[in-house]
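Here are the chains, one letter per residue:
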Amino acid sequence: MTRRSRLRGFTAALAVALMAGATLAGAPAAAGEPLYRDTSATVADRVEDLLERMTLDDKVGQMTQAERAAVRSPADLTRYRLGSVLSGGGSSPTPNTPGAWADMHDTYQRAALATPLGIPMLYGTDSVHGHNNLHGATIFPHNIGLGAAADPALMKEIGEITARETTATGPRWNFAPCLCVARNDRWGRTYESFGETPELASAMTTVIDGLQGPSLDAPGSMLATAKHWIGDGGTTGGVDQGDTEISEEELRAVHLPPFREAIARDVGSVMISYNSWNGVKLHGHDYLINDVLKKELGFEGFVVSDWAGIDQIDGEEGFTAEEVRIAVNAGIDMVMVPYDYPRFVELLRAEAESGRVPMERIDDANRRILTKKFELGLFERPFTDRSQAGTIGSREHRDVARQAVRESQVLLKNEGGVLPLDASARVFVAGKNAHDIGNQSGGWTITWQGASGAITPGTTILEGMRAAAGDPSRVTYDRRGRGINRSYDVAVAVIGETPYAEYTGDRPGSMGLDAEDRTTLDRLSAAGVPVVVVLVSGRPLDIAGRLGDWDALVAAWLPGTEGDGVADVLYGGHAPGGTLPVTWMRSADQLPVNDGDGQDPLFPLGHGLTYDNPAGPTGSARQD
Ligand code: GLC
């Protein structure tokens, strides 16, 4: 082929590509096109050009985010010029398939592009442990288990996979990672934390690098969100959305560092927290948002409220013009309304027209939002890139999740080396969490609260154990332990919590095991065989009173869909290396209990045994 014919071929291909809407990175806009369409211009110049062309309606719309289930018709995106749509926890299209997600996303996007300036919308979703709203996606361990693994490189890989599976269905904005520092295990969101120290959350911010990729406009990249600013894990009594009654010195020492680290990694957005700080709601906190987050820490991305978070400023139901004004003037750039977006648009426009929200503030919010949309490449590629949809729930992705499960297991007790199990051992497995994908995945899985049962494809812990045993028939299962007897070499009780999310998981009372687990354990202990307990829970539980009856104890946390990772440790395919990311109470009366508080816990922060260390409280996998 001669050089000329090669050139002709290239020109023809380029023409076809451009007609199909592709643009060459760096290609100047066609003659007559506005500067903001010119990919060879700087993002800053494109933002300024677009801002000059925007009406107040355009600008107010960009600051408005609506829940997909509340959007009366895609035409509302055009009518109200909405800048963003979200899926709240479990808010999925029907059918809940990658194609239906992508079609939904692209339908909203076409409506957004039908506005006078054609500004693309940005779709947000909570992919907090994989693309957890999507049936069939790879579900990773929740953060508390990843804090036990404490593997920054693995966290980055988890971010990459999460972004790949999520963006293949449309959304380019993830409301993750949660960088909360959980200081009281009564809190229903303890499992969304990497642990009780700022150092753990800071170390795990590598997930942002994975989510946002080498650049935001790279294939499979999405905007990350550092949440929730600030102090959600430090409320009095561990009450979700409660009051964090601590000094500024403690707030800065314990809860601020992970956000500094996230900003250093160019996190694209920050979500404001529901809690108050010494009685003042964060959603209206001018000092903590404008002065500390934006000015002192230099955060240049955009700030989003939490779900109906501005409604809480005055303590009354619903939102008012005053709450809209207070929130936006405090530094919130985009409001997750998420239902009555027509009224929000009306109120914010009126506040801007009156000057009670200065146009400088409106323009600053829009600059922040539009900068991220340009950086994401949304103006050039607004629709779903479905090319990676085939990787969703793939063996390769699930193997990474399985590795994360292995590394997150914490061996807390191992009397007489009862673990690892011998592949030929006759094992009796019991417990409500042994054969239940929903229970081992926890909240934020398929639905907001999560649910027991076969809610999505995966491998239960029991299935993993049967695969690890030489002969699956050596592993007997009865949920309640009926049939256990001395003929078995060992009993394994897989027990703990059932799914919950946010405030529904708050435990102001008992932190102990539920009645079913207690009955099951009694039955196993009465049989006179060694008992191994695998605790599937979102946090430490009050188990000291029973620990003496158990020969071994493994904290499995909330492993997600790859339960075989737990079996890998139980059968010795992987020696446990996880260490406690939270101090383990000796009794619920100790709560809050944290490292260095002078109390005597059952297991200290950082505790974790392995199989080649001597059993007992001193043998620890992590040599601090
Ligand atoms: C929830 C959570 C927040 C989540 C948001 C959208 O209430 O507080 O973490 O990102 O709403 O689902």
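Above this text sits the structure in question.
Computed from a prediction, not measured in an experiment: that's the story for all the values here.

The rules behind these values
Each chain carries its own residue numbering, running from 1 in the direction its sequence is written. pLDDT decides what is reported in this predicted model: residues at 70 or higher carry local features, side-chain atom pairs at 80 or more are listed and counted, and totals for whole chains, interfaces and linings draw on all residues regardless. Water and hydrogen atoms play no part in the side-chain values, which are based on all heavy atoms of the structure. Note on conventions: DSSP H or I runs of at least 4 residues are helices, E runs of at least 2 residues are strands, and numbering of each starts at the N terminus. Counting of polar contacts relies on pairs of N or O atoms within 3.5 Å, with two restrictions inside protein: one atom must be capable of donating a hydrogen and the other of accepting it, and residues adjacent in sequence are counted only when both atoms are side-chain atoms. The contact criterion used is simple: two residues touch if any of their non-hydrogen atoms lie within 4.5 Å. One less than the residue count of a helix, multiplied by 1.5 Å, gives the span that helix is expected to have. Type-normalised accessible area, obtained with a 1.4 Å probe on protein chains alone, sets the label of each residue: buried when under 20%, exposed when over 50%, and partly exposed for intermediate values. A molecule or strand has a residue near it when one of that residue's heavy atoms lies within 4 Å. Two kinds of site are reported from a 1 Å grid over the protein atoms alone, namely cavities, where a 1.4 Å probe fits but cannot get out, and pockets, open sets with protein on both sides within 12 Å along at least five of seven lines, and residues are called lining when an atom falls within 4 Å of a point. Being in a pocket or cavity means that more than half of the molecule's atoms lie within 2 Å of its grid points. Note on residue classes: Ala, Val, Leu, Ile, Met, Phe, Trp, Tyr, Cys and Pro are nonpolar, Asp, Glu, Lys and Arg are charged, and everything else, Gly too, is polar. Each pair of aromatic rings taken from Phe, Tyr and Trp, with Trp reduced to its six-membered ring, is defined by centres within 6.5 Å and is described as stacked if the planes are under 30 degrees apart, edge-to-face if over 60, and tilted in the remaining cases. Charges are assigned to positions over rings by a cutoff of 6 Å between ring centre and Lys NZ or Arg CZ, combined with an angular limit of 35 degrees from the ring normal.

Student: Got a minute to help me understand the side chain of threonine 167 in this structure?
Tutor: Residue position: threonine 167 is located in helix H7 (residues 152-167). Side-chain polar atoms of threonine 167 contact the backbone oxygen of arginine 164, separated by 3.5 Å. With sequence-adjacent residues up to four places away left out, threonine 167 is seen in contact with Arg172, Gly220, Ser221, Met222, Thr384 and Asp385.

Student: I'm lost on helix H14 (residues 341-354) in this one. Help?
Tutor: Since the α-helix packs 3.6 residues into each turn, any two residues three or four apart lie on the same face. Helix length check: H14, at 14 residues, gives a terminal C-alpha distance of 20 Å against a target of 20 Å (1.5 Å per residue), a fit within 8%. Those residues of H14 that sit buried are Tyr341, Pro342, Phe344, Val345, Leu347, Leu348, Glu351 and Ala352. Against the buried residues of H14 lie helix H3 (56-62), strand S1 (64-67), helix H4 (75-80), helix H13 (321-329), strand S11 (335-336) and helix H15 (359-375). Downstream of H14 by one or two residues, glycine 355 has phi in the positive range, about 85°.

Student: Could you clarify how one ought to interpret the site of the ligand in this entry?
Tutor: Around the ligand sit 14 residues, and of these Asp126, Arg189, Lys227, His228 and Asp306 come closest. Within the side chain of histidine 228, one N or O atom sits 2.7 Å away from an oxygen atom of the ligand. Aspartate 306 is positioned such that a nitrogen or oxygen atom in its side chain is 2.6 Å from an oxygen atom of the ligand. The cavity that encloses the ligand is the largest pocket. Along the lines of polarity and charge, the residues of the shell around the ligand split into six nonpolar, three polar and five charged.

Student: In this structure, what is going on with the packing of aromatic side chains? I would like to understand it.
Tutor: Applying the stated criterion across every chain, the model contains 14 aromatic pairs. Each ring, one from tryptophan 307 and one from tyrosine 339, has its centre 5.5 Å from the other, and the planes form 90°; the classification is edge-to-face. Taken together, the residues tryptophan 307 in the loop between strand S10 (302-304) and H13 and tyrosine 339 in the loop between S11 and H14 connect sequence positions 32 residues apart. Ring geometry for phenylalanine 428 and tyrosine 488: centres 5.2 Å apart, planes at 80°, overall edge-to-face. Of the two residues, phenylalanine 428 is situated in strand S13 (residues 427-430) and tyrosine 488 in the loop between strand S14 (475-477) and strand S15 (490-496); the sequence distance between them amounts to 60 residues. Residue tyrosine 488 is classed as buried on the basis of its relative accessible area of 11%. The structure contains a cluster of three or more aromatic residues connected by ring pairs, namely Tyr36, Phe374 and Phe379. Against the face of phenylalanine 319 rests arginine 343, its NZ or CZ located 4.9 Å from the ring centre.

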